[in-house]
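# Report on the structure
Letter by letter, the chains look like this.
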Amino acid sequence: MSARLGLMAALLVWSKLALVTVAAAQTERHVQTNGIDAGNCTSFPCASIGYALSQSASGDRIVVAAGQFNELVTIDRDIEILGAGADLTTLEPTFNHANQAEGRILTINTGLTVRLSHLTMRLGRATVNIDQFDGGCIHSRAQHLALVNVVVRGCVASSLGSGIYQQGGSLLLRNAVLRNNGPFWNSGNIGGGLYATSTAVTASNVTIANNYASTGAGIYLAGGSLTLSNSILGMNFGPQDSGRQIFNASGSPVLIRHSVYSSEPGLLSGPGGFTIDSQSLAGSPGFLDDSLDAPDLSLRPDSQAINGGRNQFYTNAGGNLADDTDIAGQPRVYPGGSIDMGAYEYQGAPIDLSPPALRIPAHDAYPVPRSGGNLVWLARPDAQAYEIQLAPISHLATNPFTNLLLDTITEELSVALPNLMHFRMYEWRVRAWHGDFHGDWSEVRRFTTNSLIQPSADNILYVGPGGTGAATGNQWSNRIFTLADALKWAHLHRNDGLWSEEEPLQIWVTQNLQQPSYQAHDLVGPFGGHDSAFLMVPNVQVYGGFAGTETSLDQRDFQANRTRLTTSVARHIVISAGDVGAARLDGFLIDNGSASGSLPIEVNGYSIDPTMGGAIYLVDSSPVLANLVITGNQATSGGGGIFISGGQPRLIGLEVSNNQAGEFGAGIFNVNGHLTVINSLLAGNSGPLFGGGIMNSGGELHLVNSTIADNQANEGGGLWNIGTTSTIHNTIIWGNQADVGGRQFHGVGNALTHTELDHVLIANEPGDIVEGDTFTMGAALHQDPQFVQADEGDFRLTDSSPAIDFGNTALYVAAGGVPATDRDLAGAPRLQGDAIDPGAFEAPGAPSDQIFHDRFQ
């Protein structure tokens, strides 16, 4: 183009801009991309804002045409800069040969009155390498700064205010957007969209979204005041509890009125606090596209921000509803409505796509037919279609069921269920569609389909892999695959009168590995997890150790057919909470439980401490635990093997070995329980504080014919008691270690700690026993019990052991034992000589070494 033609084109553009009405006191100076930096920019447009500013007097207006202007400008006088529109006029910094921004866009000196309107500033940079730190796009110390119909985006500061830094004076934001400001790579920047200190900030119809900062990603108010009206605080990013939307460090509350914000904890934070009116809305603002990189922050037709503002707040901030436009150049108020929240006005009537109310099935319904049933919900008035998601629990988002076009005039809508799996938990939700738009999902509801499970005529459920039938559980060929499913079924039917304390339900489990898969507090699953556990059910007796052919309990060989209960993630493997009647757990190896964490769960109305009871957790519960090997479990606090709180549990024939606890009772931690332990071994358990084998706090302990050996703790390597009444009969306590005292037994002296020992073999060298308050020792031996091979975990007695026949058979009978038929811990007859032997093992006549090591190693 010739110079003459270029000049004519420039004059034509300038003549159109000249039609803008200005105050008589102002001189208008004009800038456009093909202007020339010469003269005073009045008779002919200049090429740069900086040059036009140099020609301006205080109070002039610089009118900037559409286009992109790359400048670093310092404002040193009162000025108004008016663009052609936020989507038309763009200010950027200059860039070097490596395409890196060379600084911030605007620096505004102290004490000025400056107005910026109808333009976008983007990509400004105030970072260390260019000797700037604050205010990536704007760094201002103006007395009065107004940003009207302005977008500030993509700006970076290494310290304060990536988008805008304002110190002192007042700041007006109206019809403004602050988005995508702040460096994700900098962990120390503050105030992603705006940093204001000692400033009175008024913000009306502002949208603040997708900014980032280590503190105050949207706004950081260091001092002064902030009134936010008719505005939207979208998703902004930063560390948790860092005031991702606003951090208020000032001395007065931030006032939020008729605005959308998030009520999520930590998004609004800071010592100054917040005052939020009742017309403000918590939740999603409903942007058309809320993607991070290229968002469209205009409103969807179902946005809750539509008509949500208050007109008076806008006019109080200097707006003119009759003439003003929103940030996109559309009328500020759509006819027939009120002003919208945020910088964008939706141009149309809003629609209602709020989440549908779900009706049938009810939440946690059971049983729901696996086929032929319906999902039912209430219609939404503006919906044209509904999307339904139905999937097995925890797979909802990845397995959508169907998308349906339905008649929305009907009040209730329904869809028939497809064929589902038997006895499985499903979850479902619905959302409404209108054209290309959808509302939020409804609540998620769960239900469990009907089960095929049916106990045998003898009230037995058969469990284990390898069944060939219909998995009803009524015989071995129809065995249920998992113990978790059998116990869940029993829990769901516990009040149906199908069994009783006199005629309990029995569950027989074959030799295999079983893991808990349902959450103990609500039976949601199956998928495992930290809160999963096998939950004991009233009057349900669970037996392990079957080969899968037995027809009676006495045919079971749980020593040869080991059934293992284990986990890789659960905090507790077995939980029994509350009255469980005749419940029993018998014939299992339980290992790998790890009680840790900080959040308790509630089971049957009881709070379950996540740091207690790695293998078994009992609270106010009195089950029988028999023929169990509890080994290799841990708890960060107490009861690496077993935690007991209240109740009257009986432990018969247990090996509790090689468990760990961070504080109390590595093997067993008993708090106020009335605990009976018979024919049991506690060995190799260790913890840094109290009670390597057993710690008792309150309650009672009845310890009969048991062996406590090779445990370790700081105090009370074998046992540690406080406030507990203990009777210890026919028991061996030997070879335990303690760093401070009470290697075998440590009693804390108070009026409630009473200990009575009789027919015991216990080490009694200095440091072995700390007696406590009341300590009575009857018949006792203080000699080496001559274990077969204690260092290999074999605590049977040799033929020459001094413990042989030293026990008192009557004490065993008084504890409920039947010497004629009972077996010792290795499976040998409990009584073989003239009197019962103390400890968990009888000698001679113990089974072969091979049988022993099959059982215990």
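The structure this text deals with has already been given above.
Cut-off values and rules
- Residues numbered from 1 in each chain as written.
- Predicted model: local features only at pLDDT ≥ 70, side-chain atom pairs only at ≥ 80, totals over all residues.
- Heavy atoms only, no water.
- Pairing = 2+ DSSP bridges.
- Helix = DSSP H or I, 4+ residues; strand = E, 2+ residues; numbered from the N terminus.
- Buried < 20%, exposed > 50% of the residue type's maximum accessible area, 1.4 Å probe, protein only.
- Core = buried A, V, L, I, M, F, W, Y, C linked by side-chain atoms within 4.5 Å.
- Contact = heavy atoms within 4.5 Å.
- Phe/Tyr/Trp six-rings, centres within 6.5 Å; stacked < 30°, edge-to-face > 60°.
- Lys NZ or Arg CZ within 6 Å of the ring centre and 35° of its normal.

Glancing now at the sheet that holds strand 54 (residues 660-661). Strand order in this open sheet of three strands is 45-50-54, and the pairing throughout is parallel. Of all strands in the sheet, those bounded by a partner on one side alone are strand 45 (594-595) and strand 54. One ladder, built from two bridges, connects strand 50 (residues 634-635) with strand 54; its direction is parallel. The partner of Ala-635 across the bridge, within strand 54, is Ala-661.

Let us look at the sheet that holds strand 13 (residues 164-167). Ordered by their spatial adjacency, eight strands build an open sheet running 4-7-10-13-15-17-20-23, and the pairing between neighbours is parallel. If you trace the sheet from one side to the other, it starts and ends with strand 4 (73-75) and strand 23 (268-269), each paired once. Summarising the sheet, strand 20 (residues 246-248) and strand 23 pair through two bridges and their orientation is parallel. Bridge pairing links Phe-247 to Ser-269 in strand 23.

The side chains of a regular strand alternate between both faces of the sheet. The buried fraction of strand 41 (residues 540-546) is high, at seven of seven residues. Bridge count for strand 38 (residues 505-510) against strand 41 is five bridges, and the pairing is parallel. By the bridge assignment, Leu-505 is partnered in strand 41 with Val-540. Looking at chain direction, strand 41 and strand 44 (residues 584-591) are connected through three bridges and run parallel. The residue of strand 44 that forms the bridge with Gln-541 is Arg-584.

This next bit is on the nonpolar core. Of all hydrophobic cores here, the largest spans 58 residues; its most connected members are Ile-507, Ile-590 and Ile-616. Counting residues per element, this core draws most heavily on helix 4 (residues 483-492), at six residues. Once residues within four sequence positions are removed from consideration, Ile-507 is found in contact with Leu-461, Val-463, Leu-483, Ala-486, Leu-487, Val-540, Gln-541, Val-542 and Tyr-543. Membership of the second largest hydrophobic core comes to 51 residues, among which are Leu-91, Leu-106, Ala-142 and Tyr-261.

Attention shifts here to helix 4. Burial analysis of helix 4 places nine of its 10 residues in the buried class, the great majority of the element. Those residues of helix 4 not exposed but buried are Leu-483, Ala-484, Asp-485, Ala-486, Leu-487, Lys-488, Trp-489, Ala-490 and His-491.

Glancing now at the packing of aromatic side chains. Tallied over the entire structure, the rule returns 19 aromatic pairs. Seen in terms of ring centroids, Tyr-366 and Phe-423 are 6.1 Å apart; in terms of plane orientation they differ by 70°. Their pairing is edge-to-face. Taken together, the residues span a long stretch of sequence, with Tyr-366 in strand 29 (residues 365-368) and Phe-423 in the loop between strand 33 (412-416) and strand 34 (425-434) at a distance of 57 residues. The structure contains a cluster of three or more aromatic residues connected by ring pairs, namely Tyr-617, Phe-643, Phe-664, Phe-669, Phe-690 and Trp-720. Lying across the ring of Tyr-314, Arg-174 places its NZ or CZ 5.8 Å from the centre. Sitting above the plane of the Phe-313 ring, Arg-257 keeps its charged end 3.8 Å from the centroid.

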